[in-house]
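# Remarks on the overall topology
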Amino acid sequence: MKGQWKRAVLLAFAPILLIAGCGKNQESSSLALAEGESDLAYIQSKGTLVAGITDLAPMDYRDGGKWTGFDLELAYSFAKNLGVTLELKEIDWDEKITLLEKGEIDCIWNGMTMTQVLTETISCSEPYLSNAQVAVMQEKALEQYKTIEDCKHLLFAVEAGSAGEELLKAKKYRYTTCATQKEALQSVLDRQADATVIDMIMAAYNTSDGQEYDKLGFAISLNDEKICVGFRKGSDLTQEADAFIQAAYEDGSMNTLAEKYGIGNAVLE
């Protein structure tokens, strides 16, 4: 990680997370911030940090009915450092920026790819993991399709508002949209679509032996990416998150957590 940081932040991951506020139907109050007001003071005054998430294993996902995941544990520790409670709100990914601007969520913490659109629209933290967009298809089809150009006649299923959709749109490839990347994977598994473009981290986890989508595979990488946390434009929470992320790298806890969720190869050098 680049840069010099003067503030030390202790990072303690909790093995069991009891977090209120899950579900798409939960109502949130409108943003009470005036222009130039401290976002940090706002969330500390209300006592909660509302994180927008989707079902995206291994970042945020349900296990036995409870939410868990790499990003969830990271967000939990960040909220604890700020002296507030983490509250999860499952969102439609395509609405993430609108929800953030309206104050229905305070951050987007869900394996989010840092794109030019995002950096121009919201405030992004320093990246904390490497990633890529990959084409996932039936494992037997990998022998036939070696490059993304080979796939130009395929029908893709892709999460609406995702980096994968941006890439397919730019290439003018055919695709249908889904609410989540998991639904896109299911479409490919059910042969309703030929392929999907999703995060490499999610693809590696979900197509590994014993997982639900282990009959799918990937070999085509479309790009190189970085993952970040999103906050409101001009939010002073961004600087808090940057210091937190740097401390997690320096004390080794970022690596420990990544290994726990099988994504140690995504940790930045």
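Calculation criteria
- Within each chain, residues carry numbers counting from 1 in the order of the written sequence.
- Local features are withheld for residues below a pLDDT of 70 in this predicted model, meaning they are given only at 70 or higher, and side-chain atom pairs are given and counted only at 80 or more; totals for whole chains, interfaces and linings count all residues.
- Hydrogens and water are ignored here; the side-chain numbers use all heavy atoms of the structure.
- In this analysis, strands are considered paired if DSSP registers two or more bridges between them.
- In this description a helix means any DSSP run of H or I spanning at least four residues, a strand means any run of E spanning at least two, and both kinds are numbered starting from the N terminus.
- Here the axes come from fitting lines to C-alpha atoms, over the contacting stretch only for helices, and the angles between their N-to-C directions go from 0 to 180 degrees.
- Residue contacts are counted whenever heavy atoms from the two residues lie within 4.5 Å of one another.
- Three labels apply to residues, based on accessible area from a 1.4 Å probe with only protein chains included: buried if under 20% of the type maximum, exposed if over 50%, partly exposed otherwise in between.
- Put plainly, a pocket is an open set of points on a 1 Å grid over the protein atoms alone with protein on both sides within 12 Å along at least five of seven lines, a cavity is a set where a 1.4 Å probe fits but cannot get out, and a lining residue has an atom within 4 Å of a point.
- Grid points are joined across faces, edges and corners, and a volume is the space filled by probe spheres set on the points.
- Residues are grouped as follows: Ala, Val, Leu, Ile, Met, Phe, Trp, Tyr, Cys and Pro are nonpolar; Asp, Glu, Lys and Arg are charged; every other residue, Gly included, is polar.

### Quick notes on the sheet that holds strand S12 (residues 216–221)
Pairing within the open sheet is mixed, and its five strands lie in the order S10-S9-S11-S8-S12. Each end of this open sheet is capped by a strand with a single partner; those strands are strand S10 (175–178) and S12. If you compare each strand with its neighbour and ignore which way they point, the axes differ by 35 degrees on average. One ladder, built from four bridges, connects strand S9 (residues 156–159) with S10; its direction is parallel. Residue pairing across strands places Ala157 opposite Thr176, the latter belonging to S10. The strands touched by helix H5 (residues 163–171) are strand S8 (133–138), S9, S10 and strand S11 (195–199); relative to S9, the strand with the most contacts, the crossing angle is about 135 degrees. In the packing of helix H6 (residues 181–189) onto the sheet, the strands contacted are S8, S9, S10, S11 and S12, and the crossing angle to S11 comes to about 150 degrees.

### Points about the pairing of strand S4 (residues 85–90)
Counted residue by residue, S4 has five buried out of six residues, so it is predominantly covered. Direction of pairing for strand S1 (residues 48–53) relative to S4: parallel, over a ladder of six bridges. Within S4, the position partnered with Ala51 by the bridge is Leu88.

### Some remarks on empty space enclosed by the protein
Per the stated rule, a full pass over the model turns up two cavities of 30 Å³ or more. Roughly 40 Å³ of volume is contained in the second largest cavity. Considering the residues around the second largest cavity, the lining is formed by Leu56, Met59, Gly111, Asn131, Asp199, Ile201, Met202 and Ile227. Residue composition of the lining of the second largest cavity, by class: five nonpolar, two polar and one charged.

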